[in-house]
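Topology and contacts: notes
Here is what each chain is made of, one letter per residue.
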Amino acid sequence: MKFPVLKTFTRSLWVLCLLCGSVGSFALDREAFSLTNYDLNLLVDSEQHRLGARGKVTLRNDTSTPQPVAVLQISSSLNWRAVKVGDKPLQFLAQPFASDIDHTGGLSEAIVTLPQPVAPHATVNLDIAYEGVIELDATRLTRINTPEDAAKSSDWDQIAPNFTAVRGAGYVAWYPIATDVANLSEDDSLFEVLARWKVREAASTVHVKFELTRDSGDRPQDLVVNEASCVVFREEISRAQHITSDCTFQPLRWVIPSFVIADYGVVDRHSITVLNLPRHAVAAEAYADAGERLVPLISDWFGSSREKVRIADLADPDDAPFESGALLLTSLANPDSTHAGLVVAHQLTHASFSSPRPWIDEGLAHFAQALYLEHEKGRQVALDYMGAHRSALSQTEASDLPRSEVATDNSLVNTLNEEFYRGKAMCVWWMLRDMVGDAALKRAIAAYRPEQDKDPSYMPRLIASQTQRDLEWFFDDWVYRDHGLPDFRAESAFPRKAMSNSFLLAVTVENLGSAGAEVPLTVRFSGGQVTKRLEVRAKDKATIRIETPAAPEEVVVNDGSVPESGAASHTYKIEAPKE
Ligand SMILES: [Zn+2]
């Protein structure tokens, strides 16, 4: 386990001493317990920015030693009211705990003395109550000098009269969590703490009943939760609107329970529902139209939809999009149909196909965006789109760390870095498709079963089984390990006149990088061009002979489909062949 930063450690000692009398000497292990079950009743008062929660949680001791104390954490803007076992109130110490896992940069901890130590792997049920406010707060970002506007576009969560949107763990701890300190000024600290938490919670069940009351004179609002099975009830009780929603996330998987309360218009089509703020009604139609138009392309690649895509509007055009479970939150301020198509292609893919592995789940959803662009605007537009990710990727790959250290951590199968499991994975899927062909890759995707994905090699094996080619070197360079990017140079290009009025160009390509790839070579001649593909392994050379009907004039190594550490394509002029 990662050692907490100094200030937290001294605080832990302080807590330790306060509890010495009651529980004896122990080291506080904040991640000793996982919360395996939540059953919460949530009262939301948007006028007052308030949230009140009451309910039960089940804690499981994940350590090999009995645990006398449990730590429960909620956002620092919320306060603990009670912790009980059945009717019996438990002694607990409430204290602030600085951690960037919450938008406020802090948590309210309850350090609970359990009635008796909980044995390894055993569980304990606690009744809990807490309440407080959730207001716009970007402290964790502004205190590390993020400009205020950018910080608020990222941490936009709040309960407010006109628009409420609150995301869970990693944004706002509106339900209890149990985590070590996360510190945004340390490189991957927040990602690591959050990733550990998500792994521990993946099999947990979260049942939440939301309750919201408004004056009957107010405009009615919708309550939207990122779980498709939620049931929403509305009724008028003594001149008040009463809205409730009953939601069960079972299991949680990677979903971050989140809720939105807003005055939404609805555009509902067969495959997609778009919830828009009144000023974005036109854009909502564009998204819904894109959804219907893209269904054939996406289902051809990824199978038919398992669920309906839901997209809900955000209040500010600058608010960063957020996707979790069956819901995408994104501002619909941009009515551009290509933008809508990109967004919808991504979400439709999630609705058709899912994987517990981010490089497959997110990688394919981004790959689908490139497929959509190719389908509507041609291959070059798709390559240009991927090019925007490639430049960020080249920078991310240019790490100062020794390659051996980053090779395993940053491999696609292990990485927590979004640039890798989104941008790099998209390029990897595109290269695989170029290498094995559409039909073979579609068959591999169709054969994939998320519940059978117990080993990182499962998907690579499905792809390998659809082709005669040896792809092991490719998976090793790009998927199992991070060998960086290729770096191609045309070492030589010799043309000569062949017998039957044609020309033969021998091109030797050198790859100076540590990752191999199959790179396209395009030879241009008067009146046309011809493209061939050449496999060039890492730190190696390969030669290909390409026949052209007229004298070759130039050769382009890489059309941009293979990410490189240097320039993404290279053009070489060819001198007239000797007779
Ligand atoms: Zn996604």
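Residues numbered from 1 in each chain as written. Predicted model: local features only at pLDDT ≥ 70, side-chain atom pairs only at ≥ 80, totals over all residues. Heavy atoms only, no water.

Re the packing of aromatic side chains
Scanning all chains against the criterion turns up 18 aromatic pairs. Here the aromatic rings of Phe367 and Trp430 are separated by 6.2 Å at their centres, their planes lie at 75 degrees, and the arrangement is edge-to-face. Here Phe367, found in helix α7 (residues 358-377), pairs with Trp430, found in helix α10 (residues 418-436); they are 63 residues apart in sequence, far enough to count as distant. Looking at Trp430, the relative accessible area reads 0%, which means it is buried. Taken together, Tyr38, Trp174, Tyr175, Phe210 and Phe259 form an aromatic cluster joined through their ring pairs. Taking the ring centre of Trp301 as reference, the NZ or CZ of Lys442 above it sits at 5.0 Å. Here Lys497 stacks its cationic end above the ring of Phe503, 5.3 Å away from the centre of that ring. (Phe/Tyr/Trp six-rings, centres within 6.5 Å; stacked < 30°, edge-to-face > 60°. Helix = DSSP H or I, 4+ residues; strand = E, 2+ residues; numbered from the N terminus. Buried < 20%, exposed > 50% of the residue type's maximum accessible area, 1.4 Å probe, protein only. Lys NZ or Arg CZ within 6 Å of the ring centre and 35° of its normal.)

Examining the packing of helix α5 (residues 281-302) against helix α11 (residues 438-447)
As a packed pair, α5 and α11 sit with axes 7 Å apart at the nearest point and diverge in direction by 75 degrees. As summarised for this structure, α5 and α11 are arranged roughly perpendicular, according to the angle between their axes. On the side of α5, the interface is formed by Asp300, Trp301 and Phe302, while α11 contributes Asp438, Leu441, Lys442 and Ile445. Here the residues of the contact of α5 with α11 sort into 4 nonpolar, no polar and 3 charged. (Axes fitted to C-alpha atoms, helices over the stretch in contact; angles between N-to-C directions. Parallel < 35°, antiparallel > 145°, perpendicular 65-115°, else oblique. Contact = heavy atoms within 4.5 Å. Nonpolar A, V, L, I, M, F, W, Y, C, P; charged D, E, K, R; others polar.)

What about the coordination of the zinc ion?
Around the zinc ion, the protein contributes the donor atoms Glu323 (OE), Glu323 (OE), His346 (NE2), His350 (NE2), Glu362 (OE) and Glu362 (OE), which lie 2.0 to 2.5 Å from the metal centre. Viewed at the metal, the 6 donor atoms of the zinc ion are separated by angles of 56 to 152 degrees, and the geometry they form is irregular. In primary-sequence terms, the residues that donate to the zinc ion follow E-x22-H-x3-H-x11-E. One end of the pair is His346 and the other is His350, both in helix α6 (residues 337-352) and 4 residues apart, which spans about a single turn. Like His350, His346 is buried. (Donors = N, O, S within 2.8 Å, 3.2 Å for Na, K, Ca; no water. Tetrahedral: all angles 85-135°; square planar, octahedral: opposite > 155°, others 65-115°.)

Focus on the sheet that holds strand β17 (residues 309-312)
The strand order across the open sheet built from 5 strands is β15-β16-β17-β19-β18, with neighbouring strands paired in mixed fashion. One side of each edge strand has no neighbouring strand; the edge strands of this open sheet are β15 (265-268) and β18 (322-324). This sheet shows a mean twist of 15 degrees between the axes of neighbouring strands, independent of strand direction. Pairing geometry for strand β16 (residues 272-276) and β17, over 4 bridges, is parallel. Paired with Ile272 across the strands is Val309, a residue of β17. Of the strands in this sheet, β16, β17, β18 and β19 (327-329) touch α6, which is tilted by about 135 degrees from β17. (Pairing = 2+ DSSP bridges.)

Things to note about α5
With 22 residues, α5 ought to run about 32 Å at 1.5 Å a step, and its terminal C-alpha atoms sit 30 Å apart, in line with that. A maximum bend of about 45 degrees is found in α5 at Leu294, where proline Pro296 lies one to four positions downstream. Trailing α5 by a residue or two, Gly303 shows a phi angle of about 90 degrees, which is positive. (Expected span 1.5 Å × (residues − 1). Bend = angle between axes of the 7 residues up to and from the residue.)

Regarding the pairing of β17
Residues of β17 alternate between two faces, with Val309 and Ile311 on one and Arg310 and Ala312 on the opposite face, all of them buried. Once the chain exits β16 it traverses α5 before rejoining the sheet at β17, and the crossover so formed is left-handed. (Right-handed = clockwise from strand over helix to strand, strands pointing away.)

Points about unusual backbone geometry
Looking along the chain, the bond that leaves Gln250 and enters Pro251 is cis, with omega of -10 degrees. Note that Pro251 resides in the loop between β13 (240-249) and β14 (259-262). Notably, Ser238 is not glycine yet its phi reads approximately 35 degrees, a positive angle. Residue Ser238 is classed as exposed on the basis of its relative accessible area, which comes to 70%. Non-glycine residue Arg239 carries a positive phi angle of around 60 degrees. Among the secondary structure elements, Arg239 is positioned in the loop between β12 (231-237) and β13.

Points about the nonpolar core
If you look at soluble globular proteins, the nonpolar side chains tend to sit buried side by side. Residues Phe302, Trp359, Trp429, Met459, Ile463 and Leu521 are the most contacted members of the largest nonpolar core, which totals 86 residues. The element best represented in this core is α10, accounting for 11 residues. Apart from residues no more than four positions distant in its own chain, Leu521 is found in contact with Val507, Val509, Val530, Thr531, Lys532, Leu534, Ile544, Ile546, Val555, Val556 and Val557. Val83, Trp174, Phe249 and Ala312 belong to the second-largest nonpolar core, a separate cluster that totals 74 residues. (Core = buried A, V, L, I, M, F, W, Y, C linked by side-chain atoms within 4.5 Å.)

Remarks on α11
Every buried residue of α11 is accounted for by Ala440, Leu441, Ala444 and Ile445. Along the long axis of α11, the arc covered by the buried residues comes to 135 degrees, so they all point the same way. Here the buried face of α11 lies against α5, α7, α10 and α12 (458-464). (Arc of directions from axis to C-beta.)

Here we look at the environment of Gly325
Note that Gly325 resides in the loop between β18 and β19. A relative accessible area of 42% places Gly325 in the partly exposed class.

Things to note about the pattern of salt bridges
Throughout the structure, instances matching the rule amount to 38 salt bridges. A salt bridge links Asp482 to Lys424; its shortest N-O distance comes to 2.8 Å. Here Lys424 lies in helix α10 and Asp482 lies in the loop between α13 (472-480) and β20 (488-497), a separation of 58 residues in the sequence. As a salt-bridge pair, Arg469 and Glu518 come within 2.3 Å of each other at their nearest N and O atoms. Linking Arg469 in the loop between α12 and α13 with Glu518 in strand β22 (residues 517-525), this pair joins segments that are 49 residues apart in sequence. Each of Arg379, Asp434, Arg469, Asp470, Glu518, Arg533, Glu535, Arg537 and Asp559 takes part in salt bridges that share partners, so that together they form one network. (Salt bridge = Lys/Arg side-chain N within 4 Å of Asp/Glu carboxyl O.)

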